[in-house]
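Commentary on secondary and tertiary structure
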Amino acid sequence: MIETIADTAFAPALASIANGRIPGATLGIVSSDGARATRVYGLAQRVPEEEALTPDHWFDLASVSKVIFTTTLILRLAEEGRIDLDAPLTSAIPDLRQYDVAGAAERRLTFRDCLVHRTFLPAVEPIYTYGDDPDRLRAFVLQREWRHGPPVYSDINFILLGIAAERILGDSLDSVPLAAGLSFGPPPGPAVATEHCRWRGRVMKGAVHDENCFALGGRAGHAGLFGTVNGVLDFAAGLLGNASPFVRRAITSPVEGHRTAGWERKFAGWSGGSACSPETIGHTGFTGTGLWIDWTRGLAWTLLTNRVHPTRHSGSGILTLRPATGDALIAAWDADCA
């Protein structure tokens, strides 16, 4: 059953690979009853030499790190009573904008504000251009007077959450135990190549693609996690089968538009397609990754690609591939269950 569904759902990715739009892709599907299927095709690397993609390859998950790692960690700390999601970040980072304790708007931001991206912070900032000392760059993030704007999806929100978590834990993010198939880089196995980075002068492979995360030491709240297809599916299966009522409510209940704690919930034109249930949540990563969970159907899927290899400046078609995959999968699932 699930094998046939996987074949149907993988067809859009196969077409993208055949058309040269992406080098390779891995699709993984898991259901709440434990059924699982994966499909893998194409190249883990095109240049400087070709390397075939396998189920054992580790993908740079990019912003999928936000939900698998950072959101999960922050919600665990909240459930343990170690943080209050509606408390300001200064409860963990008292030195945030410490030279303007009375007037700095950053000091009024809460954990929940950052989780649901309802802050005034910019989407991204080239932090890596300000230096190469991770501790100094963290200090820069904390003391910078950030330009104000309307709420947008912001890496800065999650960089701050990562720093807050480090303060609470009294240790770096890579001290947090990770399940098999998930790791901060370099991963303990064959890695999928991402972009030929002009700043670093090489094809990134086994080192994080995101420039800011790299400059922050390879581990940050917004990026840095690597995963195999089975590592990502194990995480999704754990949510489907074992998420506590607190966690499930936090990640499925919209707070700011279509945004829940860390995740997105289905909305018109989103990455998960139009056929999934309204209770579906998901998140994507810049390198070409994504994870979606349909709670009504008890179904999760991950589409992992290296669409930025060897350059992000190409027509990968990822924005149409993702929803096409989701729609094909749900159609095949519903037909099989009919």
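So, how was this worked out
- Residues numbered from 1 in each chain as written.
- Predicted model: local features only at pLDDT ≥ 70, side-chain atom pairs only at ≥ 80, totals over all residues.
- Heavy atoms only, no water.
- Phe/Tyr/Trp six-rings, centres within 6.5 Å; stacked < 30°, edge-to-face > 60°.
- Buried < 20%, exposed > 50% of the residue type's maximum accessible area, 1.4 Å probe, protein only.
- Axes fitted to C-alpha atoms, helices over the stretch in contact; angles between N-to-C directions.
- Helix = DSSP H or I, 4+ residues; strand = E, 2+ residues; numbered from the N terminus.
- Parallel < 35°, antiparallel > 145°, perpendicular 65-115°, else oblique.
- Left-handed = near helix turned anticlockwise from the far one by under 90°.
- Contact = heavy atoms within 4.5 Å.
- Nonpolar A, V, L, I, M, F, W, Y, C, P; charged D, E, K, R; others polar.
- Pairing = 2+ DSSP bridges.

Quick look at the packing of aromatic side chains now. Inspection of the entire model under this criterion finds seven aromatic pairs. With a centroid separation of 6.5 Å and 70° between ring planes, the pair formed by Phe140 and Trp146 is classed as edge-to-face. Here the two residues Phe140 and Trp146 agree in accessibility, since each one is buried. Taken together, the ring pairs connect Tyr128, Trp199 and Phe214 into an aromatic cluster.

The contact between helix H2 (residues 65-79) and helix H5 (residues 155-169) brings their axes to 11 Å, and the two run at 45°. Between H2 and H5, the crossing angle belongs to the class labelled oblique. The two elements H2 and H5 meet at a crossing, and its hand is left-handed. When H2 is examined against H5, the residues Lys66, Thr70, Thr71, Leu73, Ile74 and Leu77 are found in contact with a partner set consisting of Asp155, Phe158, Leu161, Ala165, Ile168 and Leu169. The residue inventory of the contact of H2 with H5, partitioned by class, reads eight nonpolar, two polar and two charged.

Right, let's talk about the sheet that holds strand E1 (residues 24-31) for a bit. Ordered by their spatial adjacency, seven strands build an open sheet running E3-E2-E1-E12-E11-E10-E9, and the pairing between neighbours is antiparallel. Because the sheet does not close on itself, it has two edges, and the strands there are strand E3 (51-52) and strand E9 (264-265). Summarising the sheet, strand E10 (residues 280-285) and strand E11 (residues 289-294) pair through six bridges and their orientation is antiparallel. Looking across to E11, one finds that Thr280 is bridged to Asp294.

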